[in-house]
Amino acid sequence: MDRKVRMGMVGGGEGGFIGPIHRMAAALDGEVALVAGCFSNNPERSRTSGEQLGLPADRVYSDYQQMMRAESARSCDERMEFVAVVTPNHWHLPVSVAALEAGFHVLSDKPAARTLEEVLELKKVVEASGRLYGLTHTYAAYPMVMQARDMVQSKVLGPVRRVSVAYAQGWLAQPDDTHSSKQAHWRTDPQRAGESGCFADIGTHAHHLVEYITGQWVTAICADLQTAVAGRLLDDDGAALFKLESGARGTLMASQVCGGEGNNLNISVHCELGSLFWEQENPNRLQVKRRGQADAVYRAGVDSAYLDEKVRARLRTPQGHPEGYIEAFANLYRDFAAMVRCKRHGRAIEGVHAVGDIAVGVRSMAFVRGAIQSSSQSAWVPLRPYWGQRG
């Protein structure tokens, strides 16, 4: 237990989807131990959730403020070291701020907050705290996405010319879906979700995947958002043209009303000398096309010697043994645990990791704000005024 990084969790109680995913991922490599939690704003639900997880009663809290106070009072080798925030969006800012100000690192679900203003407020707290802040943009942690990133940014395929990313889901395709689950209910509620529905929920994943693979920031956007299902108050479908720092162009689609779709996220990056394609529902394959050559398929596996070394370090099984969503999430937890250990021992954080930082959070919400503004004005909107210059 001493070598493990100690985690507290806010949210993720009974009936939730993402909390168990986080806990499975955190436990997969044996690097993280769940030691405390406030699993619901309902004290009884938090208590029963903690019991089911085998936590001692005095480490299960009725509200997150109590959790921060009580854990801060514990000895350094006992208290939680970081807080996983797995709540609906409206809790992301207050819980993250409370944790950072109490001296704990934070690993939060995305988006970082409900609005651009909230995430800019959070950025100030992160910078003042000196603590780590991470975002779980899961798809960046797939090994074949990292392989794509390495190939694109090393320019073995030449300069980027065009990017196409699409994220299609169908779980909100019908009017009755709006209130079909806790997840659907809060994601369609502006008070809890924020100023955007679909584009903040899954459009930010697509946006981050573009920036992560290309190494370039999205500088301008021309978007068309809509609410396809009558009666909803937030967007559930949209598409956008965008520009990258190099001048390359791209298209982005995000929709939660595509009947029959599951979690169909895919990206194509077209460069001068070749192109590559990756899809989340078949994540162990990376298709690469080069001009004048036969198409190639790169396959995930610790024994795939042609993959970059840092890519193979994020794989756990030989080729042909599929790894997926849980393992990608686990890569984020393994990376964040390594970062916390560096902080614990006063060492500089080195190496490549897939955990998004607060700057990613700011750019994500700038993307959302820009999309909303662009859609309402039917015009291109520059994003630089929202996030400023690099560095």
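On a predicted model such as this, the values are computed, not experimentally measured, just so you know.

Caption draft 1: The arrangement of the sheet that holds strand S11 (residues 274-279) in detail. A sheet is described by the order of its strands in space; here 9 strands give the open sequence S13-S12-S11-S10-S6-S9-S8-S7-S14, paired in mixed fashion. A single partner strand is all that each edge strand has here, and the edge strands are strand S13 (296-299) and strand S14 (381-382). Across the sheet, helix H6 (residues 143-153) touches strand S6 (160-168), strand S10 (264-271), S11, strand S12 (285-290) and S13, and the angle it forms with S12 is around 25°. Sheet contacts for helix H12 (residues 358-377): strand S7 (218-226), strand S9 (249-255) and S14; angle to S7, the most-contacted strand, approximately 55°.

Caption draft 2: Representation of the packing of aromatic side chains. Evaluation of the coordinates by the stated rule reveals 10 aromatic pairs. An angle of 5° between the planes, with centres 6.2 Å apart, marks the rings of Tyr139 and Tyr142 as stacked. Among the residues examined, Tyr142 registers a relative accessible area of 2% and is labelled buried. Considering the side-chain rings of Tyr139 and Tyr167, the 5.9 Å spacing of their centres and the 90° angle between planes classify their relative orientation as edge-to-face. In this pair, Tyr139 is assigned in the loop between strand S5 (133-135) and H6 and Tyr167 in strand S6, connecting sequence segments 28 residues apart.

Caption draft 3: Inspection of the pairing of strand S3 (residues 82-86) at higher detail. With 5 of 5 residues buried, S3 is to be regarded as a mostly interior element. Covered by surrounding structure in S3 are Phe82, Ala84 and Val86 together with Val83 and Val85, the residues of both alternating faces. The pairing of strand S1 (residues 5-11) with S3 spans 5 bridges and is classified as parallel. Bridge assignment links Gly11 to a residue of S3, and that residue is Val86. The sheet contact formed by S3 and strand S4 (residues 105-108) spans 4 bridges and is parallel. Its bridge partner lying in S4, Phe82 is registered against His105. Crossover connection from S3 via helix H4 (residues 92-101) to parallel S4: handedness right-handed.

Caption draft 4: Structural detail: the sheet that holds S1. Across the sheet, 5 strands lie side by side as S2-S1-S3-S4-S5; this open sheet has parallel pairing. Where the open sheet ends on each side, the last strands, each with one partner, are strand S2 (32-38) and S5. Recorded for the sheet is a direction-independent mean angle of 25° between the axes of neighbouring strands. One ladder, built from 6 bridges, connects S1 with S2; its direction is parallel.

Caption draft 5: A look at helix H3 (residues 64-72). Buried residues of H3: Tyr64, Met67, Met68 and Glu71, and no others. Down the axis of H3, the buried set is contained in an arc of 95°. They therefore lie on one face. On its buried side, H3 packs onto S1, S2, S3 and H4. Measuring from the backbone nitrogen of Gln65 back to the side-chain oxygen at the start of H3 gives 3.1 Å, which picks out Asp63 as the cap.

Caption draft 6: Representation of unusual backbone geometry within the structure. Geometrically, the link from Lys110 to Pro111 is a cis peptide bond, its omega value of -5° lying close to zero. In this model, Ser378 sits at a positive phi of 50°, which is unusual for a non-glycine residue. Tracing the backbone shows Ser378 in the loop between H12 and S14. What makes Ser378 exposed here is its relative accessible area of 67%.

Criteria and cut-off values
- Residues numbered from 1 in each chain as written.
- Predicted model: local features only at pLDDT ≥ 70, side-chain atom pairs only at ≥ 80, totals over all residues.
- Heavy atoms only, no water.
- Pairing = 2+ DSSP bridges.
- Helix = DSSP H or I, 4+ residues; strand = E, 2+ residues; numbered from the N terminus.
- Contact = heavy atoms within 4.5 Å.
- Axes fitted to C-alpha atoms, helices over the stretch in contact; angles between N-to-C directions.
- Phe/Tyr/Trp six-rings, centres within 6.5 Å; stacked < 30°, edge-to-face > 60°.
- Buried < 20%, exposed > 50% of the residue type's maximum accessible area, 1.4 Å probe, protein only.
- Right-handed = clockwise from strand over helix to strand, strands pointing away.
- Arc of directions from axis to C-beta.
- Polar contact = N/O pair within 3.5 Å; in protein donor to acceptor, adjacent residues only side chain to side chain.

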